[in-house]
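This is what each chain is made of:
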Amino acid sequence: MKVGFVSLGCPKNQLDTEVMLHELVDAGYEITPDETEADVIVVNTCAFIESAKRESIDNILDVSWLKENRDLKAIIVTGCLAERYRNAIFDQIPEVDAVLGVGSIHKIVDAVKAVGEKGKNDSRENRYSSFLENDKVELGGDRVLTTPEYFAYLKIAEGCDNRCAYCAIPSIRGPFRSRPMEELVEEAKQLEELGVKELVVIAQDITRYGLDLYGSYKLAELLRRITEATNIPWIRLLYCYPDKVTDELVNEIRDNDRILKYIDLPIQHISDRMLKAMNRHGDAAMIKNVIAKLRREIPGIVIRTTFIVGFPGETEEDFNKLAEFMKETEFEHAGVFTYSREEDTPAYSFPDQIDEEVKQARMDNLMAMQLEINERQNKAKIGKTITVLCEDFDPVSEAHYGRSSADAPEIDGKVYFVSKKRIAPGSFVNVKIEEVVDYDLFGKAIL
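Read on for a plain summary of the structure.

Here is what the cut-offs are and how they apply
- Residue numbers restart at each chain and count upward from 1, following the sequence in its written direction.
- Local features are withheld for residues below a pLDDT of 70 in this predicted model, meaning they are given only at 70 or higher, and side-chain atom pairs are given and counted only at 80 or more; totals for whole chains, interfaces and linings count all residues.
- The side-chain figures draw on all heavy atoms in the structure; neither hydrogens nor water molecules are used.
- Should DSSP find at least two bridges between two strands, the strands are taken to pair.
- By the criteria applied, helices consist of DSSP H or I runs no shorter than four residues and strands consist of E runs no shorter than two, each listed in order from the N terminus.
- Any two residues whose heavy atoms approach within 4.5 Å at even a single point are treated as in contact.
- Axis lines are fitted through C-alpha atoms, for helices just across the contact stretch, and the angle between N-to-C directions can take any value from 0 to 180 degrees.
- Pairing of aromatic rings covers Phe, Tyr and Trp, the last through its six-membered ring, and needs centres within 6.5 Å; plane angles under 30 degrees mean stacked, over 60 mean edge-to-face, and all others mean tilted.
- Each residue is assigned to one of three classes by its accessible area relative to the maximum for its type, calculated with a 1.4 Å probe on protein chains only: buried under 20%, partly exposed between the two thresholds, exposed over 50%.
- For a ring to carry a charge above it, either NZ of a lysine or CZ of an arginine must fall within 6 Å of the ring centroid while also lying within 35 degrees of the normal to the ring plane.
- In these notes the angle categories are as follows: under 35 degrees is roughly parallel, over 145 is roughly antiparallel, 65 to 115 is roughly perpendicular, and the rest is oblique.
- A clockwise turn of the near helix away from the far one marks a right-handed crossing, whereas an anticlockwise turn of less than a right angle marks a left-handed crossing.
- Residues are grouped as follows: Ala, Val, Leu, Ile, Met, Phe, Trp, Tyr, Cys and Pro are nonpolar; Asp, Glu, Lys and Arg are charged; every other residue, Gly included, is polar.
- Two N or O atoms form a polar contact when they lie within 3.5 Å of each other; inside protein one atom must be a possible hydrogen donor and the other a possible acceptor, and for residues adjacent in sequence the pair counts only when both atoms belong to side chains.
- Orient the strands so they point away from the viewer, and a crossover whose first-strand-to-second-strand path over the helix runs clockwise is right-handed.
- In this analysis, the protein atoms alone were mapped onto a 1 Å grid. Cavities are point sets where a 1.4 Å probe fits without being able to get out; pockets are open sets with protein on both sides within 12 Å along at least five of seven lines; lining residues have an atom within 4 Å of a point.
- Grid points are joined across faces, edges and corners, and a volume is the space filled by probe spheres set on the points.
- In this text, buried Ala, Val, Leu, Ile, Met, Phe, Trp, Tyr and Cys residues form a nonpolar core when linked through side-chain atoms within 4.5 Å.
- Criterion for a salt bridge: a side-chain nitrogen of Lys or Arg within 4 Å of a carboxyl oxygen of Asp or Glu.

## Side note on the sheet that holds strand S6 (residues 128-130)
Within a beta sheet, neighbouring strands are joined by backbone hydrogen bonds and run either parallel or antiparallel to one another. Overall, parallel pairing links the six strands, which are arranged S2-S1-S3-S4-S5-S6 in an open sheet. The sheet is open, and its two borders are formed by strand S2 (30-31) and S6, each paired with just one other strand. Note that strand S4 (residues 74-79) and strand S5 (residues 98-100) share two bridges and pair parallel. Each bridged residue has a counterpart across the sheet, and for Val 77 the counterpart in S5 is Val 99. Lying over the sheet, helix H5 (residues 108-116) contacts strand S1 (2-7), strand S3 (40-45), S4, S5 and S6, oriented at roughly 155° with respect to S4.

## Some thoughts on the packing of aromatic side chains
Tallied over the full model, the rule gives eleven aromatic pairs. Between the aromatic rings of Tyr 416 and Phe 442, the centroid separation amounts to 5.1 Å while the plane-to-plane angle is 15°, which identifies the pairing as stacked. One end of the pair, Tyr 416, is in strand S17 (residues 415-418); the other, Phe 442, is in strand S19 (residues 440-446), and 26 residues separate them in sequence. What makes Tyr 416 partly exposed here is its relative accessible area of 23%. By relative accessible area, which is 28% here, Phe 442 ends up partly exposed. Taking the ring centre of Tyr 239 as reference, the NZ or CZ of Lys 12 above it sits at 3.8 Å. Above the ring of Tyr 348, the side-chain terminus of Arg 341 is found at 4.3 Å from the ring centroid.

## Thoughts on the packing of helix H10 (residues 247-255) against helix H12 (residues 284-297)
Viewed as axis vectors pointing N to C, H10 and H12 meet at an angle of 30°, and their least axial separation amounts to 10 Å. One finds that H10 runs roughly parallel with respect to H12. Here H10 and H12 pass one another in a crossing that is right-handed. Contacts from Asp 247, Val 250 and Arg 254 of H10 reach H12 at Lys 293, Leu 294 and Glu 297. In terms of residue class, the contact of H10 with H12 is made up of two nonpolar, no polar and four charged.

## Quick look at the side chain of Thr 17
Summarising the element assignment, Thr 17 is placed in helix H1 (residues 11-26). A polar contact of 2.8 Å, which involves the side chain of Thr 17, links it to the side chain of Asn 44. Not counting chain neighbours up to four residues away, the residues in contact with Thr 17 comprise Phe 5, Ser 7 and Asn 44.

## Description of the pairing of S3
With respect to burial, S3 is a largely interior element, six of its six residues being buried. Residues of S3 alternate between two faces, with Val 40, Val 42 and Asn 44 on one and Ile 41, Val 43 and Thr 45 on the opposite face, all of them buried. Strand direction decides the pairing type here: S1 and S3, joined by five bridges, are parallel. When the sheet's bridge partners are listed, Gly 4 is paired in S3 with Ile 41. Pairing of S3 with S4, which is carried by six bridges, proceeds in the parallel orientation. Considered in S4, the bridge of Val 40 is made with Ala 74. Between the parallel pair S3 and S4, the chain is carried across by helix H2 (residues 50-69), and the sense of this crossover is right-handed.

## Focus: the layout of surface pockets
Considered as a void within the structure, the largest pocket measures approximately 1300 Å³ in volume. Those elements that place two or more of their residues in the lining of the largest pocket are H1, H2, helix H6 (169-173), strand S13 (302-309) and strand S14 (333-338). Per-class residue counts for the lining of the largest pocket are 24 nonpolar, 13 polar and nine charged. Here the second largest pocket is characterised by a volume of approximately 400 Å³. Lining the second largest pocket are 23 residues, and of these Glu 332, His 333, Asn 374, Gln 377 and Asn 378 lie nearest its centre. Those elements that provide at least two residues to the lining of the second largest pocket are S13, S14 and helix H14 (356-379). Looking at the lining of the second largest pocket element by element, the count peaks at five residues for H14.

## Some words on empty space enclosed by the protein
A complete count under the given rule lists three cavities of 30 Å³ or more for this structure. Taken as a whole, the largest cavity holds about 220 Å³ of empty space. Along the walls of the largest cavity sit 20 residues, with Asp 16, Leu 139, Gly 140, Lys 155 and Glu 158 positioned nearest its centre. Elements that contribute at least two residues to the lining of the largest cavity include exactly H1 and strand S8 (157-158). At three residues, the largest contribution of residues to the lining of the largest cavity is made by H1.

## Notes on the nonpolar core
Grouped together as the largest cluster of nonpolar side chains are 57 residues, with contacts concentrated most on Ile 156, Leu 222, Leu 237, Leu 265, Leu 294, Phe 325 and Leu 366. Here this core takes six residues from H12, the largest share from any one element. Excluding residues within four positions of it along the chain, Leu 222 makes contact with Ile 156, Met 181, Leu 184, Val 185 and Tyr 209. Ranked by size, the runner-up nonpolar core spans 23 residues in total, among them Ile 60, Val 63, Val 77 and Ile 93.

## Some thoughts on the pattern of salt bridges
One pass over the full model with this rule turns up 40 salt bridges. Residues Glu 198 and Arg 236 are paired through a salt bridge, measuring 2.6 Å at the closest nitrogen-oxygen approach. Here Arg 236 lies in strand S11 (residues 234-237) and Glu 198 lies in strand S10 (residues 198-202), a separation of 38 residues in the sequence. Under the relative-accessibility criterion, Glu 198 is labelled buried at 0%. Overlapping salt bridges, with partners in common, bring together Glu 18, Arg 143, Arg 179, Glu 183 and Glu 187 in one network.

Here it is as structure tokens:
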């Protein structure tokens, strides 16, 4: 039996897909990248915000066409949409045959067995569902990598305890749970054996790592142990909350040559009034102090952040504070999102909801500002030589492309470069920068 996959959402969800793929392969199922050949298709969904929910539903409906018009026998829905709307999916999307909550990804083989053997026209009574308690599920597991062989994600924890007023993740993914340090070190070693050159450390909040297991923040120690046990040259940190950036962590990033001088630091706003309404930990002074400390202690550090505009009650004054802060701080990377009103979150019922047009205008304003900042920063790199991790060759432009240490996979810019000889994906190469276009750099390899 052939199983196809559609994996949506964040890298954390992608790792769940990789675990399910391994369990299916281990059980003897064939994985096919061609959906038209699949007997069963698994759609691993996202439901973080409204646009993600729409994308997930659209993908399920697209797959349902294959069930009606081709030989597809069954559709299985997993991930955050499945967890969040467990009681509605069968009713609202009758083409779905099985639903697995986020705590039930290890039931994927059972689900395929249950629905994959029946005919397309079998009774809906034969549907399968499983919703195990997400805080009791086994974390980690063997994986089939879906990333290129030169980089991989390492999920060090699951769930979240931050309880931001706009966010449904704690109710979907459950409380914060760290994975044991020994287990993570062993997984990093296995990934190195597979050829991984860049390890991207992720969780909903990696800076909280260890608090539940060891009674204190242990991210810095985990990073030390991984670098002692492996020779992976690039280790990148995503999703670090500013209130938990300890001096020990700052020192580890500064002193450990294999930890990239790059940090993802979601801030969301700078108005104290908005931060309090969002139930964010800390205030503007704390955020500014953390940024100043990072830049003082780690010269040249690249800081990525995200902001939310249009949160209920955001005034022009609040927005102008945020705009001025972005202008003054000049983040190397910044994403701006409009507030998404999500049911089952405190902010859903807040008064003074903002019009969508106002939200969009504020987002467009900040993104235009960020583009100018990035263009100015990138132009300063012209004439300089930087190290690039080659990802592939583009035959149309006749140029290779890759990323510098300043660019995280799948979210930041690219470096395009010409070379006298073909560079293998996963190779490091020195590139002299000659041109800038928006967020991307262009240059030539120095061989």
